[in-house]
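Observations on the three-dimensional arrangement
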Amino acid sequence: MTETRDRVTVSSPANIAFLKYWGTREPRQVLPYHTSISMTLEECRSFTTAHALPAEALPNGDQIYLAGDDGALTLAEDDFRARARAHLDVVRETTGRTERFRVATRNSFPSAAGMASSASGFSALAIAATRALGLELGTDQLSVLARRSGSGSAARSVVGGFVEWPAEPGEPSAPARQLADASWQLADVVAVLETGPKEVSSREGHRRAPSSPCFERRLELVPERLATIRRAIETRDLDLLGPVLEAEAIDLHAIAMTSEPPIFYWSPGSVEVLGSVRTLRLDGVPAWSTMDAGANVHVLCPREVEGTVARRLEEIPAVVRVIRDHVGEGPRVEDGLDLLA
Ligand code: DP6
C-alpha cells in the first residue's frame, strides 16, 4: 500500500473468530480478558473513501456518507455517524492532527445480510483516514487504532490470514499479529438467517458477559483452547480445530443466554443449521460450525467442499441467503475507486 494523497479509498475485510473475544475488561481502551484468534475473510469487505480537509472547510464536523451500489451518496444515520465521528476523533487524538474528513463507505456484502460489518468498517476507516492524512502507519499501530473504534474485533481485520489478538495479563493492549498466512485454503460458508440489526449490540453483550455464571468457567478453558487452535492452524488440521470452534460458539451463546439480563442471539434456524452441519460430517464432509453474536451460522470447511456445503445450507427453509467466503490477504488500497466522486 503506497497511496499518500489526501483522498484515499481502502477496502478492509470482515473476520470470523475461532476463539471469541467476549467480555471487555476495560471499555475505553477496549481491552479484552484474553487473547482471541480469527480468520480474515476475503469477499466480505468494507470499501471506504476518506478525504482529509482543513478543519475550517468542514465547520459542521466530519461528513459521513453511505455509498449505494449505483454510486449515490446518502447521509449516514445518526448512530452510524456518531460512531464514525468518534472514531475519527480517536484518529485525530492519536496522530495529533486537526483535519476533518469527508467519508463514504459501502460493504461488498448486502447490508441487510445480518453480517457484522463493524470490524471491516472500522478497520477500513482507520486505514483510509490515516492515509488521507499522508501517514503510513504500520500494522501494529493500525490494529490498535482500529480496536479503539470500540469494535475490538476490528483490531484483527488489519492483518491477513489467521490472526491472533494477544491479551496477556502483563500486556493487555497488544496489536493483532499474523499466526499464519492465507495459504491454508479454508472457506467460510455463511448461512444467513436474520437480516435485521441485532436487538442487543456486541458492546452491551461484552458488558453483561461477566454477570454469567458460565463466564469464569470459560476463562479457565481459554488457555488450552488457544493452544489447540494455534496448533491446528500451524499443522492445518481441521479435525483438531473443528471441535474447539463449535465449543467456543456454544460457550459464547451460553454466556449470552445466562447473562443478566439474558441475551438470545440464536434463532430456531440456527439450531437447524448446526444440526445439518453435524449431518454433513456424518456424510463424510469435513465441515464445522461457528457463530458470532448473532443468529447466522458460519461453516468452516476446505475450499474443495464449499460448494457441497453451500448447496446443503441452501436447502434449509430458514436460510435466507448463503454467502461463500474464504481466507483472505487483508486490507488494500483500492486505486481508481473513489466513493466520493
Ligand atoms: C462475537 O465488539 O468487535 O464477534 O462491534 O459487533 O464487531 P462488533 O463486535 P466486537 O465483538 C466481537 C464479538 C464476536 C467475537 C469475535 O469477533 O471475537
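The coordinates are above.
Before going further, it helps to examine the site of the ligand. As a matter of local geometry, the ligand sits amid 15 residues, with Tyr-21, Ser-118, Ser-153, Arg-156 and His-206 nearest to it. The contact in question runs from an oxygen atom of the ligand to an N or O atom on the side chain of Ser-202, over 2.9 Å. Notes on the ligand: free accessible area 450 Å², of which the protein chains cover 92%. Per-class residue counts for the shell around the ligand are five nonpolar, seven polar and three charged.

So, about the packing of helix α1 (residues 78-95) against helix α2 (residues 118-132). Packed helices, taken two at a time, are described by their axes: the angle between them and the distance between them. Taken N-terminus to C-terminus, the directions of α1 and α2 make an angle of 45 degrees; their axes are 10 Å apart at the nearest point. The angle between the axes of α1 and α2 places the two elements in the oblique class. In this structure, α1 crosses over α2, and the sense of that crossing is right-handed. Here Arg-83, Ala-84, His-87, Leu-88, Val-91 and Thr-95 of α1 come into contact with α2, specifically with Phe-122, Leu-125, Ala-126, Ala-129 and Thr-130. Counted by class, the contact of α1 with α2 contains seven nonpolar, three polar and one charged residues.

With that settled, the discussion passes to the packing of aromatic side chains. Applying the stated rule across the entire model yields five aromatic pairs. Considering the side-chain rings of Tyr-21 and Trp-165, the 5.0 Å spacing of their centres and the 75 degrees angle between planes classify their relative orientation as edge-to-face. Of this pair, Tyr-21 sits in the loop between β1 (7-19) and β2 (24-26) while Trp-165 sits in strand β8 (residues 162-165), and the two are 144 residues apart along the sequence. With relative accessibility at 9%, the residue Tyr-21 sits in the buried group. Note on Trp-22 and Tyr-265: the rings are 6.2 Å apart at their centroids and 75 degrees apart in plane angle, and the pair reads as edge-to-face. Taken together, the positions of Trp-22 in the loop between β1 and β2 and Tyr-265 in the loop between α7 (238-257) and α8 (268-282) put the pair 243 residues apart, joining distant regions of the chain. Of the two residues, Trp-22 and Tyr-265, both sit in the buried class. By way of ring pairs, the aromatic residues Phe-18, Phe-162 and Trp-184 are connected into one cluster. The ring of Phe-47 carries the charged tip of Arg-106 above its face, separated from the ring centre by 4.9 Å.

On to the sheet that holds strand β13 (residues 321-326). Spatially, β11-β12-β10-β13 is the arrangement adopted by the four strands of the open sheet, whose pairing is antiparallel. Both outer strands of the open sheet, β11 (288-290) and β13, are each paired with one neighbouring strand and no more. Across the sheet, the mean angle separating the axes of adjacent strands is 25 degrees when strand polarity is ignored. Examined bridge by bridge, strand β10 (residues 186-192) and β13 share six bridges and lie antiparallel to one another. Bridge pairing in β13 links Val-192 to Arg-321. Those strands touched by α7 are β10, β11 and β12 (297-302), and its axis lies near 30 degrees from that of β11.

Basis of the calculations
- Residues numbered from 1 in each chain as written.
- Predicted model: local features only at pLDDT ≥ 70, side-chain atom pairs only at ≥ 80, totals over all residues.
- Heavy atoms only, no water.
- Near = heavy atom within 4 Å.
- Polar contact = N/O pair within 3.5 Å; in protein donor to acceptor, adjacent residues only side chain to side chain.
- Areas by Shrake-Rupley, 256 points an atom, 1.4 Å probe, with all protein chains shown as cover.
- Nonpolar A, V, L, I, M, F, W, Y, C, P; charged D, E, K, R; others polar.
- Axes fitted to C-alpha atoms, helices over the stretch in contact; angles between N-to-C directions.
- Helix = DSSP H or I, 4+ residues; strand = E, 2+ residues; numbered from the N terminus.
- Parallel < 35°, antiparallel > 145°, perpendicular 65-115°, else oblique.
- Left-handed = near helix turned anticlockwise from the far one by under 90°.
- Contact = heavy atoms within 4.5 Å.
- Phe/Tyr/Trp six-rings, centres within 6.5 Å; stacked < 30°, edge-to-face > 60°.
- Buried < 20%, exposed > 50% of the residue type's maximum accessible area, 1.4 Å probe, protein only.
- Lys NZ or Arg CZ within 6 Å of the ring centre and 35° of its normal.
- Pairing = 2+ DSSP bridges.

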